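Chain by chain, the residues run as shown.
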Amino acid sequence: MYKHLGVRKWLIGRLGEVRIHAALALVILITFVLSQPRTTLVVGGILCFVTYGYLGFREARKTPLWLSPLSFYFFWYCVGMGASPFYIGLITSDDSVRFVSDSTMVPIADLAAGYVVFLCGSLALHLGVQIFRPISPSQETEGLGKNFLKLLGAVWVVGLIFQINPSLFSFLGGTAKILAVALLGSVCGFAIVERQRMGLSRLGFFTILLLGTTGLFFGNLASDSKTYIMFSFLPLFWFFLIRRRLRVWVPPLALVLGLFYLATVAPVIQTARMRPVEVGTSTREHLIETFDNWRRETPAEISGSFLGDQLDRFFQRQFDAVPVGFLVGEVERSGLMLGETMKYAGYAFVPRLIWPDKPTVTRGGWFSTYLGLYDVEAEATTAIGMTAVGELYWNFGILGVLIGMCLMGCGLGYLWSLATADPRAKPIHMLLYVTVMLAMPDMAEAVTIFVSLVVAFLTFKAAFFFMDVLSLVGRKTGALTPTSPIRTRQSS
C-alpha cells in the first residue's frame, strides 16, 4: 500500500504540470478539428501565452535559481507558441505565410496543422524532462572553495579564446560546441552567487560582473546571431531575477532589452547579412563596421513604423511552427521520408579526431539548398532549421514526433540532473546547467540534438571525474578549504 502511495506521490509531483500541458494540447487539437485554421492560431496563441506563462512562473517558483531549463523553455515559447501564432493569425490576411522566400509559401491550413504538431512535440519533450529532472534542494548546498573564482575565471578565459579563434579547438569536433557556452555559463555562474560568499566587496563584485559581461558581449559579436548577442545580457537579467529585493526591476529591464533588440540588434544584423564581407575581415569586425554605418545613416528618432516592421519580423522569426507547417505540406505531397533525410546519423557519432574530414553534421545548409535558396549545398551561406519536430514528422509522422521528442526530453532531463538543481557552487556543473537551458528551445534538427546529448554526457562526465580527482587530492593536501555554504530558499 505504502509503495503504491509513494508511486502516486511521485507521479503527482513529477507530472502535475504535464497534465496542464496535455489539457492545453487537447483543447487546441479540438479547436483545430472543429474550426478554421486561422481560429486555431488565434485561440491557440492566447491559450499558449497564458498557460506557458503560468507553467513558466510555476516552475520558476519551485526551483532555487528561478531560471531552469523548463522555466526558460516556457517563458521563451510564450512568444513562439503564444504571441507569434496569435499575431500571424490575427494580422495576416493572406491564405499563406512566407517561409524564407516567395517561392516557399506555407498555406494557412498547413501552418495550423504544423502548430498542433509542434505543440504535441513540446508536450512530449516536457514529459521526458519531467521524468528525469533533478529534485529541487530544500537545504544548504555545498560551500564555495577558495578556488571557486579561479575556476570560474578559467572557464571565462577559455570561452573568450574560443569565441575569438574557434579554429584552435576544431580538433575537438562536437565537444568544441560546449565551449560556445563557456563565456555565458561562467558569467551567469558569477552573477547569481552572493558576493559575500565569494568574499568580494560591492565594488569588486560589480567590476568583475561588468568586465565579464563586456567580454561576453564582445565574444558573442562573432556569432552573427541576434539571439546570442541578446544572451549577453542574460547574466544581468538573472542577477536581478534571483534577488528578491531587486526583482521589481525585471520588467523595466526586459522592456529596455526588448527595445534595444528591435531598434538596434535586429536591423544591424539584418543589414550586415546583406552586405558582402570584405576579404580578411572577421565577422565581428564586419558587424561593428555595419553598426557604425547604420548609426550614421539612421535618423535620430526611430519611427513607430520602423519598430512595427521589426516587431513583425520578430514574431514571424520566433514562430517555429512555420517550418513544421511547410513539412506537413511536403508529407501530404510526397509521403513520409522514413529516415531518408536522417542518413547523416550514420557518421554523426564518429569523432572528428578519428575522421578529421568528416562532413558537417548540421543540416541547415542542406535544408536551405532543398528550399531552393542555393544550387548546391557547398554554396549555402544561410542555415535554415527544419526544427527537431519538423525532421521527426517529415520522416516518421506524428508517432515519430511523440517518441523522438520524449527521448530528447529524457536526455535533457538526465543532463539537468547531472548538473543538479542548484549548481552555483560548482562552475563546471553550472556550465552544464546553462548548456541544457539554452538547448531546450534551440533544436534545429533531431539527429544533431541526439548527437549533442551524447557528446555533452561524455564530456561532462569526464570533466566531473577529473574535478572529483582534483578535489580529493586538494583535500588530502589541504589545498582546498570550503567557505560558508550558499543558502537556498525552500522549494515549493
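Residues numbered from 1 in each chain as written. Predicted model: local features only at pLDDT ≥ 70, side-chain atom pairs only at ≥ 80, totals over all residues. Heavy atoms only, no water.

Peer 1: Is there a simple way to think about the overall build of the protein in this case?
Peer 2: Scanning the protein for helices and strands turns up 19 helices and four strands. Counted over contacts in the protein with a minimum sequence separation of 6, partners at least 24 positions apart contribute 75%. Summing over all exposed atoms, the protein offers an accessible surface of approximately 23,600 Å²; the carbon and sulfur share of this is 66%. (Helix = DSSP H or I, 4+ residues; strand = E, 2+ residues; numbered from the N terminus. Contact = heavy atoms within 4.5 Å. Areas by Shrake-Rupley, 256 points an atom, 1.4 Å probe, with all protein chains shown as cover.)

Peer 1: Quick question: what am I supposed to make of the environment of Ala-419 here?
Peer 2: Relative to the elements of secondary structure, Ala-419 occurs in helix α17 (residues 388-419). Relative accessible area serves as the criterion here: at 0%, Ala-419 is assigned to the buried category. Linking Ala-419 and Phe-460, residues 41 residues apart in sequence, is a C-alpha distance of 9.0 Å. Residues in contact with Ala-419, not counting those within four places in the same chain, are His-429, Leu-432 and Tyr-433. (Buried < 20%, exposed > 50% of the residue type's maximum accessible area, 1.4 Å probe, protein only.)

Peer 1: How do you make sense of a nonpolar patch on the surface when you look at a structure like this?
Peer 2: Among the surface-exposed residues, Ile-131, Phe-132, Phe-349, Tyr-414, Val-454, Phe-457 and Leu-458 lie close enough to one another that they form a single nonpolar patch of about 590 Å² accessible area. Where the nonpolar patch is concerned, the elements lending two or more residues are α4 (108-132) and α19 (446-477). Structurally, Ile-131 can be placed in helix α4. According to the relative accessible area criterion, Ile-131 is partly exposed, its value standing at 30%. (Patch = residues over 30% accessible without salt bridge, like charges linked within 9 Å, V, L, I, M, F, W, Y side chains within 5 Å. Salt bridge = Lys/Arg side-chain N within 4 Å of Asp/Glu carboxyl O.)

Peer 1: Would you take a moment to explain the nonpolar core for this structure?
Peer 2: Taken as a class, soluble globular proteins show a tendency for nonpolar side chains to be buried jointly. Ranked by size, the top nonpolar core spans 135 residues in total, and within it Leu-111, Trp-238, Phe-367, Met-405 and Met-408 carry the most contacts. Ranked by the residues each element gives to this core, the list is headed by α17, at 15 residues. Apart from residues lying up to four places away in sequence, Trp-238 is in contact with Leu-65, Leu-67, Cys-188, Ile-192, Met-430, Tyr-433, Val-434 and Met-437. (Core = buried A, V, L, I, M, F, W, Y, C linked by side-chain atoms within 4.5 Å.)

Peer 1: Teacher, can you tell me more about the packing of aromatic side chains here?
Peer 2: Given two aromatic rings, one states the distance between the centres and the angle between the planes to describe the pair. The tally for this structure, following the rule as stated, stands at 27 aromatic pairs. Here the aromatic residues Tyr-52, Tyr-73, Phe-74, Tyr-77 and Phe-118 are joined through ring pairs into a cluster of three or more. Positioned over the ring face of Trp-66 is Arg-247, at 4.1 Å from the centre of the ring. (Phe/Tyr/Trp six-rings, centres within 6.5 Å; stacked < 30°, edge-to-face > 60°. Lys NZ or Arg CZ within 6 Å of the ring centre and 35° of its normal.)

Peer 1: Which parts of the structure should I look at to understand the side chain of Arg-424?
Peer 2: Locating Arg-424 in the fold gives a position in the loop between α17 and α18 (427-439). The exposure class assigned to Arg-424 is buried, which follows from its relative accessible area of 9%. Here Asp-422 takes part through its side chain, which lies 2.8 Å from a polar atom of the side chain of Arg-424. (Polar contact = N/O pair within 3.5 Å; in protein donor to acceptor, adjacent residues only side chain to side chain.)

Peer 1: I'm lost on unusual backbone geometry in this one. Help?
Peer 2: Excluding glycine, most residues fall at negative phi; most peptide bonds, likewise, are trans. Of note, the phi angle at Trp-66 is positive, near 65°, even though the residue is not glycine. Positioned with a positive phi, Thr-420 is a non-glycine residue whose angle comes to about 80°. Inspection of the secondary structure puts Thr-420 in the loop between α17 and α18.

Peer 1: It is not clear to me how the pattern of salt bridges should be interpreted in this structure. Could you clarify?
Peer 2: Pairing is possible between side chains of opposite charge, provided their charged atoms come close. Overall, the coordinates contain seven salt bridges when judged by the stated rule. The salt bridge partner of Arg-197 is Glu-194, with a shortest N-O separation of 3.7 Å. For Glu-194, a relative accessible area of 37% corresponds to the partly exposed category. Taken together, the salt bridges that share partners define one network made up of Glu-17, Arg-58 and Lys-62.

Peer 1: Just to check I follow, could you spell out the confidence of the model for the protein for this structure?
Peer 2: Note: predicted coordinates in regions of low pLDDT should not be interpreted at a detailed level. On average, residues of the protein score 83 in pLDDT, and 85% of them reach the 70 mark or higher. In this model, residues 1-5 is a region of pLDDT below 50 whose contacts with residues beyond four sequence positions or in other chains number zero contacts. (pLDDT = per-residue confidence, 0-100.)

Peer 1: Help me understand the packing of helix α2 (residues 37-62) against α4 in this model?
Peer 2: Helix-helix packing: each pair is described by the crossing angle between the helix axes and the interaxial distance. For the pair α2 and α4, interaxial distance at closest approach is 9 Å and the crossing angle is 30°. One way to sum up the angle between α2 and α4 is to call them roughly parallel. For α2 against α4, the interelement crossing comes out left-handed. Every residue of α4 that contacts α2 at Pro-37, Arg-38, Thr-40, Leu-41, Gly-44, Gly-45, Cys-48 and Tyr-52 is listed here: Ile-108, Ala-109, Leu-111, Ala-112, Tyr-115, Val-116, Leu-119 and Ser-122. Counted by class, the contact of α2 with α4 contains 11 nonpolar, four polar and one charged residues. (Axes fitted to C-alpha atoms, helices over the stretch in contact; angles between N-to-C directions. Parallel < 35°, antiparallel > 145°, perpendicular 65-115°, else oblique. Left-handed = near helix turned anticlockwise from the far one by under 90°. Nonpolar A, V, L, I, M, F, W, Y, C, P; charged D, E, K, R; others polar.)

Peer 1: Would you explain the side chain of Glu-17 in this entry?
Peer 2: With respect to the helices, strands and loops of the structure, Glu-17 is situated in helix α1 (residues 2-34). At 2.9 Å, the side chain of Glu-17 forms a polar contact with the side chain of Lys-62. Setting aside its immediate chain neighbours within four residues, Glu-17 contacts Leu-55, Arg-58, Lys-62, His-126 and Gln-130.

Peer 1: Quick question: what am I supposed to make of the environment of Val-401 here?
Peer 2: Topologically, Val-401 is positioned in helix α17. Dropping the residues within four chain positions of it, Val-401 is found in contact with Val-117, Gly-121, Ala-124, Val-389, Leu-392, Tyr-393 and Cys-406.

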